[in-house]
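# Structural description and commentary
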Amino acid sequence: MNKTEKLKLSAPKTSVRFHSRSTPVIAGIVTAVRSVTKAAIAREQRMGASILRLFFHDCFVQGCDASLLLDDTSSFQGEKMATPNNGSVRGFEVIDDIKTAVEKVCPGVVSCADILSIAARDSVGILGGPNWDVKLGRRDSTTASFSGANNNIPPPTSGLSNLTSLFAAQGLSQKDMVALSGAHTIGLARCTNFRAHVYNDTNIDGAFARTRQSACPRTSGSGDNNLAPLDLQTPTVFENNYYKNLVCKKGLLHSDQELFNGGSTDAQVQSYISSQSAFFADFVTGMIKMGDITPLTGSNGEIRKNCRRIN
């Protein structure tokens, strides 16, 4: 890549055409991201959900700036050990591998934030979900926010009002929230995040609650990291079964079941049961909007050489 091409890649905005003047280069970048992501999911199908979660948890704190990927140091506190992330977010090694592959194609040009955005899209598609054009041009943060991670990411105990407020704070509507929650059609959750729901809540199917209790003891600290699928039927396929579970009161998290609990989002949940294509379309809209949360562009931030460290 010559100097002229690099200047063209520095437009101070994100766009699906951000790298369009270097088509062979961007094709190579996209191929590299997809190849590593696909191989990682082939080794462990859960990894697709993990990469998607990384993107969510990153964008809700300081915007989509790869701040979540930064490791703690003796003089720097990152976001990985914040309550919503500690023991929950994973897949950092896959992002490292993608970064290495991308650097071989086009060194020093593609941010970790853009890599994470593409990998999240590819994870959804590889597991059967929709595809979309990812806007590119984000740069990487040189800061992180431990407090932001603790305060901005919706906890699994959230009620509908709190969920709506936390999404609204990021410029996302309640409609976006319900659609994006469909990401829980893939992946697993830890006992510590669904224990209160399966033991204490009444808006849950009794047989389903007992099944989940069998691997999640009532006592906190016992079996906290035991896993259960967020989607009872198909936790490695991206489709609309998540919403079908909610209508049957089989949402694993309290925050999941809040989307169908006699409130303002019930009708939207039912619409996604009737039309998977409607869910896919709204999910894509939500993902694109989320990817636009306060990105660093132009001369702001940097292009990290290593996603875990500031240059």
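Because the structure is predicted, anything quoted here is derived from the model rather than measured.

### So, the UniProt feature "binding site: substrate" (unreviewed entry) in the protein
Summarizing the sequence annotation, UniProt attributes the feature "binding site: substrate" (unreviewed entry) to Pro154 in the numbering used throughout. Looking at the secondary structure, you find Pro154 in the loop between helix H6 (146–152) and helix H7 (160–168). With residues near it in sequence (within four places) discarded, Pro154 still touches Phe60, Leu163, Leu166 and Phe167.

### Describing empty space enclosed by the protein
Applying the stated rule across the entire model yields three cavities of 30 Å³ or more. The volume enclosed by the largest cavity comes to roughly 80 Å³. In terms of lining, the largest cavity is formed by Phe55, Ser117, Trp132, Asp133, Val134, Lys135, Arg138, Met287, Ile288, Gly291 and Asp292. The biggest single contributor to the lining of the largest cavity is helix H14 (residues 276–291), with three residues.

### A short note on the confidence of the model for the protein
The predicted model of the protein has a mean per-residue pLDDT of 93, with 92% of residues at 70 or higher. Under a pLDDT of 50 for its full length, residues 1–12 has, in the predicted model, 19 contacts with residues more than four places off or in other chains.

### Structural notes on unusual backbone geometry
Phi is mostly negative for residues that are not glycine, and the peptide bonds are mostly trans. Backbone geometry at Gln62 places phi at a positive 65°, although glycine is not the residue there. Position of Gln62 among the secondary structure elements: in the loop between helix H3 (46–59) and helix H4 (92–105). Since its relative accessible area comes to 31%, Gln62 is described here as partly exposed. Positive phi, close to 60°, is recorded for Lys249, a residue that is not glycine.

### Things to note about H3
Helix length check: H3 (14 residues) gives 21 Å between terminal C-alpha atoms against 20 Å at 1.5 Å per residue, within 8%. In terms of residue burial, H3 counts as a mostly covered element, since 12 of its 14 residues are buried. Within H3 the residues assigned to the buried category are Met47, Gly48, Ala49, Ser50, Ile51, Leu52, Leu54, Phe55, Phe56, His57, Asp58 and Cys59.

### Quick notes on the nonpolar core
The biggest cluster of nonpolar side chains holds 73 residues, and the ones touching the most others in it are Leu52, Phe283, Met287 and Met290. For Met290, the residues in contact, after removing those within four places along its chain, are Phe55, Phe56, Cys59, Phe60, Cys64, Leu172 and Leu180. Judged by nonpolar contacts, the second largest core, of 13 residues, contains Ala189, Phe194, Ala228 and Leu252.

### Quick look at the layout of surface pockets
Its boundaries defined by the atoms lining it, the largest pocket holds a volume of some 830 Å³. Of all elements in the fold, only H3, H6, H7, helix H8 (174–181), strand E1 (188–190), helix H9 (191–200) and helix H12 (254–257) reach the threshold of two or more residues within the lining of the largest pocket. Counting residues per element, the lining of the largest pocket draws most heavily on H9, which supplies six residues. Taken together, the residues of the lining of the largest pocket break down into 20 nonpolar, 13 polar and four charged.

### Quick notes on the packing of aromatic side chains
This model, assessed by the stated rule, comprises 11 aromatic pairs. A centroid spacing of 5.6 Å and a plane angle of 50° characterise the contact between Tyr272 and Phe279, whose relative ring orientation is tilted. Accessibility classification places Tyr272 together with Phe279 in one group, the buried group. Where Phe279 meets Phe280, the ring centres are 5.6 Å apart and the plane angle is 55°; that geometry is what we call tilted. Comparing Phe279 with Phe280 shows no difference in burial state: the two are buried. Each member of the aromatic cluster is reached from another via a ring pair, and the members are Trp132, Phe238, Tyr242, Tyr243, Tyr272, Phe279, Phe280 and Phe283.

Rules used throughout
Residues numbered from 1 in each chain as written. Predicted model: local features only at pLDDT ≥ 70, side-chain atom pairs only at ≥ 80, totals over all residues. Heavy atoms only, no water. UniProt positions renumbered as here; feature names shortened; annotations may be inferred. Helix = DSSP H or I, 4+ residues; strand = E, 2+ residues; numbered from the N terminus. Contact = heavy atoms within 4.5 Å. 1 Å grid on protein atoms, 1.4 Å probe; cavity = no way out; pocket = protein on both sides within 12 Å on 5 of 7 lines; lining within 4 Å. Points joined across faces, edges and corners; volume = space filled by probe spheres on them. pLDDT = per-residue confidence, 0-100. Buried < 20%, exposed > 50% of the residue type's maximum accessible area, 1.4 Å probe, protein only. Expected span 1.5 Å × (residues − 1). Core = buried A, V, L, I, M, F, W, Y, C linked by side-chain atoms within 4.5 Å. Nonpolar A, V, L, I, M, F, W, Y, C, P; charged D, E, K, R; others polar. Phe/Tyr/Trp six-rings, centres within 6.5 Å; stacked < 30°, edge-to-face > 60°.

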